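Chain residues, written in single-letter form:
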Amino acid sequence: MGTMLKAGSRYKSAVSDVQVMVVKAPAGEHTLLCGGAEMLAANAAATEASAAPAEGETLIGKRYVNTDESLELLCTKGGKGALWLGGEALDIKQAKQLPSSD
């Protein structure tokens, strides 16, 4: 039950306060998870949290990417629960090293 992810789309967690915006998305349908539950479109009706989020935390202002960096999410509201794309955990994107200006 995947979703077509598009840059600029916003999603919210069904089990915590986490909200993200898609910065870069891979082609095709994918399942975006937070805390083990599928994320909802930001304008979807609120649902009763069915379970406590899994371990982990999503931090506001951080960018999250998959291994090949075909997906990039910006966390707009932090909370409990780790982000996953299908069966792959997303990691915080590391800052690029800028060249020295000596």
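Going by the structure above, here's the rest.
**Some thoughts on the side chain of E72**
Point 1. Here E72 lies in strand β10 (residues 72-77).
Point 2. Taking the relative accessible area as the measure of exposure, E72 reaches 6% and is therefore buried.
Point 3. Discounting chain neighbours no more than four positions away, the residues touching E72 are M21, V22, V23, K24, R63, Y64, V65 and K93.

**Points about the pairing of strand β3 (residues 19-24)**
Point 1. In this sheet, β3 lies alongside strand β2 (residues 10-12) in antiparallel orientation, the contact comprising three bridges. The partner of R10 across the bridge, within β3, is M21.
Point 2. Connecting the antiparallel pair β2 and β3 is a turn made up of six residues.
Point 3. Bridge count between β3 and β10: five bridges; the pairing is antiparallel. Opposite M21, over in β10, you have L74 as the bridge partner.

**Regarding the pattern of salt bridges**
Point 1. Under the definition given, this model contains two salt bridges.
Point 2. Of the charged contacts, one joins K93 and E72 as a salt bridge, the two residues approaching to 3.1 Å between their closest N and O atoms. Of the two residues, K93 is situated in the segment after β14 (91-92) and E72 in strand β10; the sequence distance between them amounts to 21 residues.
Point 3. In this structure K93 comes out as partly exposed when scored by relative accessible area, which is 27%.

**Description of the environment of T3**
Point 1. If you trace the backbone, T3 turns up in strand β1 (residues 3-4).
Point 2. What makes T3 partly exposed here is its relative accessible area of 28%.
Point 3. With 28 residues separating them in the primary sequence, T3 and T31 have C-alpha atoms 6.1 Å apart.
Point 4. Beyond its immediate chain neighbours, meaning those up to four positions away, T3 contacts Y11, G28, E29, H30 and E38.

**Structural notes on the environment of T76**
Point 1. On the secondary structure map, T76 appears in strand β10.
Point 2. Taking the relative accessible area as the measure of exposure, T76 reaches 29% and is therefore partly exposed.
Point 3. Considered as a pair, T76 and V18 are 58 residues apart in the sequence and their alpha carbons are 7.7 Å apart.

**Quick look at the environment of E69**
Point 1. Examined against the element boundaries, E69 turns out to sit in the loop between β9 (63-65) and β10.
Point 2. Judged by relative accessible area, which is 36%, E69 ranks as partly exposed.
Point 3. A C-alpha to C-alpha distance of 9.8 Å links E69 and D91, two positions 22 residues apart in sequence.
Point 4. Every residue in contact with E69, bar those within four places of it in the chain, is listed here: K24 and K93.

Rules of the game
- Residues numbered from 1 in each chain as written.
- Predicted model: local features only at pLDDT ≥ 70, side-chain atom pairs only at ≥ 80, totals over all residues.
- Heavy atoms only, no water.
- Helix = DSSP H or I, 4+ residues; strand = E, 2+ residues; numbered from the N terminus.
- Buried < 20%, exposed > 50% of the residue type's maximum accessible area, 1.4 Å probe, protein only.
- Contact = heavy atoms within 4.5 Å.
- Pairing = 2+ DSSP bridges.
- Salt bridge = Lys/Arg side-chain N within 4 Å of Asp/Glu carboxyl O.

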